[in-house]
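# Working through the structure, step by step
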Protein chains: 2
Amino acid sequence: MNTPAYLDLTARQQRLHRLAHLQAIAQWDQAANMPPSGNEARSLALAEMDGLLHQLATDPALPGLLDAAAAEALDDAQRANLREIRRAWRAANALPQALVEAKSLANNRCEHAWRGQRQANDWTGFAPNLREVLAIARQEAEYLSQSSGLSKYDALLDQYEPGMRSADVERAFAPLRQWLPGLIRDVIAKQSHETVIQPVGPFPTDAQKALGLDAMRLMGFDFSAGRLDESTHPFCGGVPEDVRMTTRYREDDFLPALMGVIHETGHGRYEQGLPRELLGQPVARARSMGIHESQSLSFEMQLGSHPAFAKLLSPLLAQHFGPQPAFEPDNLHRLLTRVQPGFIRVDADEVTYPAHILLRFDIERALIEGDVEVDDIPALWDGKMAELLGLDTRGNFKDGPMQDVHWPAGLFGYFPCYTLGAMYAAQWFATMRAGQPKLDEQIAAGDLGGVFDWLSTHIWRTASRYETPELVQRASGEPLNPAHFEAHLRRRYLAA
Amino acid sequence: MNTPAYLDLTARQQRLHRLAHLQAIAQWDQAANMPPSGNEARSLALAEMDGLLHQLATDPALPGLLDAAAAEALDDAQRANLREIRRAWRAANALPQALVEAKSLANNRCEHAWRGQRQANDWTGFAPNLREVLAIARQEAEYLSQSSGLSKYDALLDQYEPGMRSADVERAFAPLRQWLPGLIRDVIAKQSHETVIQPVGPFPTDAQKALGLDAMRLMGFDFSAGRLDESTHPFCGGVPEDVRMTTRYREDDFLPALMGVIHETGHGRYEQGLPRELLGQPVARARSMGIHESQSLSFEMQLGSHPAFAKLLSPLLAQHFGPQPAFEPDNLHRLLTRVQPGFIRVDADEVTYPAHILLRFDIERALIEGDVEVDDIPALWDGKMAELLGLDTRGNFKDGPMQDVHWPAGLFGYFPCYTLGAMYAAQWFATMRAGQPKLDEQIAAGDLGGVFDWLSTHIWRTASRYETPELVQRASGEPLNPAHFEAHLRRRYLAA
């Protein structure tokens, strides 16, 4: 096939992929290793590279090449790649270079200062930085909105979940808003009759690290192409060829780090499982952040809180911390499925977690649309936490609106992806069970191959070949159906 | 002052500095963290960036800007910066882009494979990679030679030690070749009458790490702007704003890691002590690799093997490993100054170290000038090790020509800088003692401020303001004078 314009485009994508590799490693290093005085220089370096990547991504030759390539003879995978190249070009081209660099700088500075300010519960110090980040995010949303015709918030959401609008999110979230408070009440009432033995600490950090590595092995992580480190806010970064996961440890409780590691391993295996043939091309990238979270939550919740999974974890806990009655499988499962409203999203159980997302989705949408300001956040937060989870968060900024890295890092529009991911994950497992009737018996026997093979075939190896609705339809035979998530929670938490 | 061309040039340098920051961190990560399967993608990313940096450094606008800036009204510091910008442009412009990218790829691949091959003593596997690296280095030398009129080896040497020719090196090394074998014999004979108590291991890696950090604190390293990690070959990388030092540990002996850390701390403090006002400009960079090694050797040898320094180390050893008779200061000093021919350059004592450099200088010069080939290296190595140090290295490639990262990484022309550095360091301390008659008493009292202040004033803060001969003259009142090094060794190892 004679495809000179297409080949030119793919060579440019390859170049962007290689330069973005350095950016990804430097960002991971910033969170996992960098000493504090290094931040100013790092922020400037990352901003310079953001500007350069943006310049390459908006080269004036691109519109002509995109049109020429569309007229060339391409196979289906190439045509899907061209669609994704065009999508990336549209998003980049909507933003002026100066805004891209200013955004990189403001977000890096705010995020870096946030690490210390969060520890100190310093909302007053944090608010001006966040105002600057929000001002730039609003400008970005305005530019993207003008280019796409979407509302401002939808234009940001589209970067993380292409094709998804806040009306779609609201359609999926509306039933949740209805049944979630009652479900939380019912589960807490049911669990109030259970006896749960608490593990007895302390749990030394070194033993937790070794346990986390064993859990990653159990979940099939490839250590020749990735590693686990520590950071203030756990994340999965790096590049598909070298996945960099992080977690954080507290010696009085091992579950947050362990389940965090299992969560990030889901992200990590998605990246490691992307097709290698077209690596560096947009069509070989992860589909969206909602689909990404469907992998982390397939690992953390669908598998990690599965009744049979406690049987697999139990011997690892005894090995690393010594035997305890709390590590007995049935008790461990009760621990892993204990529902209790709490301040911290990343430590939340599967049932109360969506409440954290509803709250953030409502606040960040109003922030971006200009309906509320940074100074309004604490009162909104306090009100919604009281209403949704019955908790008093007044004055506790550290465990309130300062707990997440997303807003300080300028990631507005990301939060809904977590609960969309939980819904997709429930849908994947419903599909798996329909096709593999013995799936739960296999999991109980420690054979996770059926799960991983299904995910690899339907999610990891398809990458961005299909747009999200087509991926969901092909994988599960129906569009996004939030009823699977409700059914999953009712079965796991209220049945029997 | 109206200096538009100069300002344009400095803005371009700032941009290069920021992008090179990402490159430096990714290179450090490659050595300190990267899992093996990540290497192919990393090598491609680094090569892409090398190509991009080279493209920016050879922009066709630069010759015109350099000429225009030369006609502008500049102060002395700006004029020195312009001189360094022109030097960097000349060196970059001599090389075609394709060679720069091919070099980056070949060197990265060879270095990465070398890590495993060295462990396996696999010369046969290593040799073809090294041939490829050498072929590219010879091409590079040929291009640089054509542009500068220097000989091929001198053209490479000039990249690490600007202005220094192999004839100058040979002038400094010729007396060394004469007196070194006799000095080694005399010192060994003298030390054969001494009793030295050997430390009793094992020395757990964690305790060695904590000791290394304490030694860095003693030497004034700024941990808010740098860190210590592990790698196969110790180095000091990163950027002046965020210095990344590495070392390696063996549990049967703590001295290699400890003295390695003290060595790298010398490099690190030079970088941390560079002037911040012009950071990002070539005039604010470290002067040369010979001057850089003069800092590491001021720390490791002039200070680290100083008779009084053992008194400062002794309590730290007892604290981290428990008390031992071997840690008593006089015995510790005898351990630190023990002279014994050995295979490994980085573990060599101060007296036999120059023999390792003479050997490498002779071989690499012949390799680059085309007088010998990769296949000739083992026999040349064996012959020179037998002649200079009386050691049999036949068949032991691991501890022979495969021990150093320099050749696999394509760093031909670097080795002489170590012994030039040792000579400069002896000259600095001779100058300090002339100006501060109580210097040795202060060191004995744990007050290293006199040393650090002198180095900061005369070396660190001058950065690249003066060319090396002027820096040496200003700092010490005379040109490079290798007699100081001989006098230092005779005083420390044969007096009393």
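Since this is a predicted model, take the numbers as computed values, not measurements.

## A closer look at the overall build of chain A
Helices and strands together make up the secondary structure of chain A, namely 20 helices and three strands. Relative to the compact-globule value of 23 Å for 496 residues, chain A shows a C-alpha radius of gyration of 22 Å, a close match. Each of the 496 residues in chain A was classed as buried or not, and the buried ones make up 49%.

## Observations regarding the relation of the copies chain B and chain A
Mapping chain B onto chain A calls for a screw motion: a turn of 180° about the axis and a shift of 0.0 Å along it, with 0.0 Å RMSD after fitting. Taken together, the rotation and translation describe the operation of a two-fold axis. Most of the interface of chain B is mirrored in chain A, where 100% of its interface residues are also at the interface.

## Remarks on the interface of chain B and chain A
With 29 residues of chain B in contact, the opposing surface of chain A contributes 29 residues. Taken together, the elements giving at least two residues each to the side of chain B that touches chain A come down to α1 (4-32), α2 (39-57) and β1 (226-230) of chain B. Sort the elements by how many residues they give to the side of chain B that touches chain A and α1(B) lands first, with nine residues. Here the residues of the side of chain B that touches chain A are counted per class, giving 14 nonpolar, seven polar and eight charged.

## What about the sheet that holds strand β1 (residues 226-230) of chain A?
Residues and elements named next belong to chain A. With respect to topology, three strands assemble into an open sheet ordered β1-β3-β2, the strand pairing being mixed. Here the strands that pair on one side only, and so sit at the sheet edges, are β1 and β2 (236-239). Each adjacent strand pair in this sheet contributes to an overall mean axis angle of 20°, direction not counted. Two strands pair when backbone bridges link them, and β2 and strand β3 (residues 242-247) are joined in this way by four bridges, in the antiparallel orientation. When the bridges of β3 are listed, G237 appears paired with R244. Those strands touched by helix α10 (residues 255-272) are β1, β2 and β3, and its axis lies near 165° from that of β3.

## A short note on helix α18 (residues 449-460) of chain A
With 12 residues, α18(A) should reach 16 Å at 1.5 Å per residue; the first-to-last C-alpha distance of 14 Å falls well below that figure. Here the buried face of α18(A) lies against α10, α11 (289-303), α16 (416-435) and α19 (468-476) of chain A.

## Regarding the confidence of the model for chain A
This prediction gives chain A a mean pLDDT of 96; 100% of its residues lie at or above 70. Model confidence for the complex is summarised by a pTM of 0.92, with the ipTM given as 0.92.

## Some remarks on the environment of B:I363
Residue and element names in this part refer to chain B. Within the secondary structure, I363 is located in helix α14 (residues 353-369). Spatially, the C-alpha atoms of I363 and A207 are 39 Å apart, while their sequence positions differ by 156 residues. Those residues in contact with I363 that lie beyond four places of it in its chain are I377, L380 and W381.

## Notes on the environment of A:I344
Residue and element names in this part refer to chain A. Position of I344 among the secondary structure elements: in the loop between α13 (329-336) and α14 (353-369). Judged by local crowding, I344 falls into the partly exposed class, with 13 C-beta atoms found within 10 Å. Residues I344 and W179 lie 165 residues apart in sequence; the distance between their C-alpha atoms is 22 Å. For I344, the residues in contact, after removing those within four places along its chain, are D399 and Q403.

## Structural notes on the sheet that holds strand β3 (residues 242-247) of chain B
All names here are of chain B. Across the sheet, which stays open at both edges, the three strands sit in the order β1-β3-β2 with mixed pairing between neighbours. The open sheet has two edge strands with one neighbour each: β1 and β2 (236-239). On average, adjacent strands in this sheet sit at an angle of 20° to one another, irrespective of strand direction. Strands in contact with α1 are β1, β2 and β3; relative to β2, the strand with the most contacts, it is inclined by about 145°.

## Some words on the domain arrangement of chain A
All names here are of chain A. We note that the domain assignment places domain 1 (4-148) and domain 2 (167-494) within chain A. A separation of 26 Å is found between the C-alpha centroids of domain 1 and domain 2. Contacts between the two partners involve 37 residues from domain 1, matched on the other side by 32 residues from domain 2. Going through the elements one at a time, α1 (4-32), α4 (76-93), α5 (97-119) and α6 (123-148) are the ones with two or more residues in the side of domain 1 that touches domain 2. Within the side of domain 1 that touches domain 2, the residues separate by chemical class into 20 nonpolar, 10 polar and seven charged.

## Some remarks on unusual backbone geometry
Residues and elements named next belong to chain A. For the bond from G201 to P202, the omega torsion is 0°, close enough to zero to count as cis. Its place among the elements puts P202 in the loop between α8 (166-191) and α9 (205-218). Even without being glycine, A463 reaches a positive phi, approximately 50°. Relative to the assigned elements, A463 resides in the loop between α18 and α19.

## Digging into the packing of α1(B) against α2(B)
All names here are of chain B. Packing of α1 against α2 leaves a shortest axis separation of 11 Å and a crossing angle of 160°. Taken together, α1 and α2 sit at an angle that is classed as roughly antiparallel. For α1 against α2, the interelement crossing comes out left-handed. When α1 is examined against α2, the residues R12, R15, L16, L19, A20, Q23, A26, Q27 and Q30 are found in contact with a partner set consisting of R42, A45, L46, M49, L53, L56 and A57. Counted by class, the contact of α1 with α2 contains 10 nonpolar, three polar and three charged residues.

## Points about the packing of helix α3 (residues 62-70) of chain A against α4(A)
Residue and element names in this part refer to chain A. At their nearest, the axes of α3 and α4 sit 11 Å apart, and the two run at 160° to each other. Judged by the angle between their axes, α3 and α4 are roughly antiparallel. Crossing angle aside, the handedness with which α3 passes α4 is left-handed. Judged by residue contacts, L62, L66, A69 and A70 of α3 engage L82, I85, R86 and W89 from α4. Partitioning the contact of α3 with α4 into residue classes produces seven nonpolar, no polar and one charged.

## A closer look at the environment of B:H112
Residue and element names in this part refer to chain B. Within the secondary structure layout, H112 lies in helix α5 (residues 97-119). Overall, the presence of 22 C-beta atoms within 10 Å leaves H112 in the buried class. Considering only alpha carbons, one finds H112 and V405, 293 residues apart in sequence, at a separation of 9.8 Å.

## With respect to the pairing of β3(B)
All names here are of chain B. Across the six residues that make up β3, a large majority, six, are buried. The two faces of β3 match: D242, R244 and T246 on one face and V243, M245 and T247 on the other face are all buried. Bridging between β1 and β3 involves five bridges; their strand directions are parallel. Paired with D229 across the bridge in β3 is T246. Adjacent in sequence and paired antiparallel, β2 and β3 are bridged by two residues.

## Let's talk about helix α11 (residues 289-303) of chain B
Residue and element names in this part refer to chain B. Here α11 spans 20 Å end to end across 15 residues, near enough to the 21 Å set by a 1.5 Å rise per residue. Residue L297 marks the point of greatest curvature in α11, where the axis turns by about 40°. Along α11, 15 of the 15 residues are buried, which leaves the element largely enclosed by surrounding structure.

Definitions and cut-offs
Residues numbered from 1 in each chain as written. Chains lettered and ligands numbered in written order. Predicted model: local features only at pLDDT ≥ 70, side-chain atom pairs only at ≥ 80, totals over all residues. Helix = DSSP H or I, 4+ residues; strand = E, 2+ residues; numbered from the N terminus. Rg over C-alpha atoms; globule rule 2.2 N^0.38 Å. Buried ≥ 20, exposed ≤ 12 C-beta atoms within 10 Å, placed from the backbone. Least-squares fit on C-alpha atoms with pLDDT ≥ 70 in both. Contact = placed C-beta atoms within 7 Å. Nonpolar A, V, L, I, M, F, W, Y, C, P; charged D, E, K, R; others polar. Pairing = 2+ DSSP bridges. Axes fitted to C-alpha atoms, helices over the stretch in contact; angles between N-to-C directions. Expected span 1.5 Å × (residues − 1). pLDDT = per-residue confidence, 0-100. Domains from an automatic or database assignment. Parallel < 35°, antiparallel > 145°, perpendicular 65-115°, else oblique. Left-handed = near helix turned anticlockwise from the far one by under 90°. Bend = angle between axes of the 7 residues up to and from the residue.

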